[in-house]
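The residues making up each chain are set out below.
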Number of protein chains: 2
Amino acid sequence: MRRVAAVLVHYPVLDREGSIVTSAITNLDLHDIARSAHTYGLSDFFVVRPVAAQRTLAERVCEHWTRGSGGRRIPDRTPAMQIIRVVPTLDDALAALGEGVELWTTSARASGPLLGFADARERLAAAGPAVALAFGTGWGLAEQVYARASARLEPIQSPRADGYNHLSVRAAAAISFDRLLTPR
Amino acid sequence: MRRVAAVLVHYPVLDREGSIVTSAITNLDLHDIARSAHTYGLSDFFVVRPVAAQRTLAERVCEHWTRGSGGRRIPDRTPAMQIIRVVPTLDDALAALGEGVELWTTSARASGPLLGFADARERLAAAGPAVALAFGTGWGLAEQVYARASARLEPIQSPRADGYNHLSVRAAAAISFDRLLTPR
């Protein structure tokens, strides 16, 4: 089984006009994705934030839940929050995952060649370098992130006839971990 | 395909000491579960709140996203928020789902006979009355809710050797909808 880490990208991401922006941190993104990632055995949850002041904020949230009063109140939360690594750039996250790391991107939209979940599960079960599974905040990852990725996962399809698909990044991450990492 | 609705229960639920309490509303529960439920084709998302003041709060949040400025800013959010029904009791939710409605409960803990996800998928694909899929807030649904249920879904198992499992209700709902309602 390969090492798998989640990466939540706040830059570069799109806003609703399609411009490249830095999105704001949502407190529950940290909690929910850390809890889901740790439950499914991911090694790390990188939070990519170029703005130093917002990294400090994210680190304070983590500290509250690992060494502070939050962790004493809800001890189950601590092991999940301990896998959060707040880093300035996507490159920092990839560097921390070692030689040959593969960047796999996610998206609500299909574009170009896609890696299906069944194939992705097989690839993760085989030997190989670490995989960084990147999720975009805002209106999704910027094209430059897809351009450098080793693979783009197929979107989570809605079973609806009208194709409505508006999952939160927290829900999309949880479903992706479940599809990729639950033994079948 | 049977009608499936999600029910988020704020009473009766457990606190961390195991006492029966009414939990507070979390704004992102409404958004995330509505977005996941609508994406997977659920008909309704009932929010059970015995406290009238908190029902008013939840209704204002919904109004902001359906008829207010939130909906104009993010139009994709509107169809999801429109399936939210804020009701005082679980009985109100069940009554709205018609004759013969089945209450299916969820839990992070296994106890008594469990309905597996594969069997549950088959039951939903067949003809039958509506199914209300109940999720607990706080430390989970009170025993009296399990006692009246037609079925208790198997827990979402962690693949970890230590069995760590601390998913948010938002993540558990998303994963449950994906497992139950994605065609295979």
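Residues numbered from 1 in each chain as written. Chains lettered and ligands numbered in written order. Predicted model: local features only at pLDDT ≥ 70, side-chain atom pairs only at ≥ 80, totals over all residues. Heavy atoms only, no water.

A closer look at the sheet that holds strand E8 (residues 151-152) of chain B
Residues and elements named next belong to chain B.
Inference 1: Read from one edge of the open sheet, six strands run E5-E4-E1-E7-E6-E8, paired in parallel fashion. Edge positions in the open sheet fall to strand E5 (84-87) and E8, since each of these has one partner strand only.
Inference 2: Bridging between strand E1 (residues 4-9) and strand E7 (residues 131-136) involves six bridges; their strand directions are parallel. By the bridge assignment for E7, Val7 is matched with Ala134.
Inference 3: Packed onto the sheet, helix H6 (residues 117-125) meets E1, strand E6 (102-105), E7 and E8 and runs at close to 160° relative to E6. (Pairing = 2+ DSSP bridges. Helix = DSSP H or I, 4+ residues; strand = E, 2+ residues; numbered from the N terminus. Contact = heavy atoms within 4.5 Å. Axes fitted to C-alpha atoms, helices over the stretch in contact; angles between N-to-C directions.)

Comments concerning the nonpolar core
Inference 1: Counting residues in each nonpolar core, the largest one holds 88 residues, and the members touching the most others are Phe45, Ile84 and Phe177 of chain A together with Phe45, Ile84 and Phe177 of chain B.
Inference 2: Not counting chain neighbours up to four residues away, the residues in contact with Phe177 of chain A comprise Ala6, Ile33, Ser36, Ala37, Tyr40, Leu42, Leu133, Phe135 and Thr182 of chain A. (Core = buried A, V, L, I, M, F, W, Y, C linked by side-chain atoms within 4.5 Å. Buried < 20%, exposed > 50% of the residue type's maximum accessible area, 1.4 Å probe, protein only.)

Brief notes about the interface of chain B and chain A
Inference 1: On the chain A side, the residues contacting the 36 residues of chain B number 36 residues.
Inference 2: Among the residues chain B hides against chain A, the three largest losses belong to Thr39, Tyr164 and His166 of chain B. Together they make up 21% of the total.
Inference 3: Counting across the chain B and chain A interface gives four salt bridges.
Inference 4: Every element with two or more residues in the side of chain B that touches chain A is listed here: helix H1 (27-39), helix H4 (77-81) and helix H8 (169-181) of chain B.
Inference 5: Tallying contributions element by element places H8 of chain B first for the side of chain B that touches chain A, with seven residues. (Buried area = accessible area lost by both parts, 1.4 Å probe. Salt bridge = Lys/Arg side-chain N within 4 Å of Asp/Glu carboxyl O.)

Structural notes on the sheet that holds strand E8 (residues 151-152) of chain A
All names here are of chain A.
Inference 1: As summarised here, the arrangement of the six strands in space is E5-E4-E1-E7-E6-E8, forming an open sheet in which the pairing is parallel. Edge positions in the sheet fall to strand E5 (84-87) and E8, since each has one partner strand and no second.
Inference 2: Judged from the five bridges that link them, strand E1 (residues 4-9) and strand E4 (residues 44-48) form a sheet pairing that is parallel. Following the sheet pairing, Val9 is matched in E4 by Val48.
Inference 3: Contacting E1, strand E6 (102-105), strand E7 (131-136) and E8, helix H6 (residues 117-125) runs over the sheet at an angle of about 160° to E6.
Inference 4: Contacts between helix H8 (residues 169-181) and the sheet are confined to E1 and E7, with E7 contributing the most and set at about 150° to the helix.

Structural notes on the packing of helix H1 (residues 27-39) of chain A against helix H2 (residues 52-66) of chain A
Residues and elements named next belong to chain A.
Inference 1: Interhelical geometry of H1 versus H2 gives an angle of 50° and a closest axis separation of 10 Å. On the basis of the axis angle, H1 is oblique to H2. H1 and H2 meet at a crossing whose hand is right-handed. Residues Asn27, Leu30 and His31 of H1 lie in contact with H2, whose contacting residues are Ala58, Val61 and Trp65.
Inference 2: Among the residues forming the contact of H1 with H2, the class breakdown is four nonpolar, two polar and no charged. (Parallel < 35°, antiparallel > 145°, perpendicular 65-115°, else oblique. Left-handed = near helix turned anticlockwise from the far one by under 90°. Nonpolar A, V, L, I, M, F, W, Y, C, P; charged D, E, K, R; others polar.)

Limitation: the analysis is restricted to geometry and does not speak to function.
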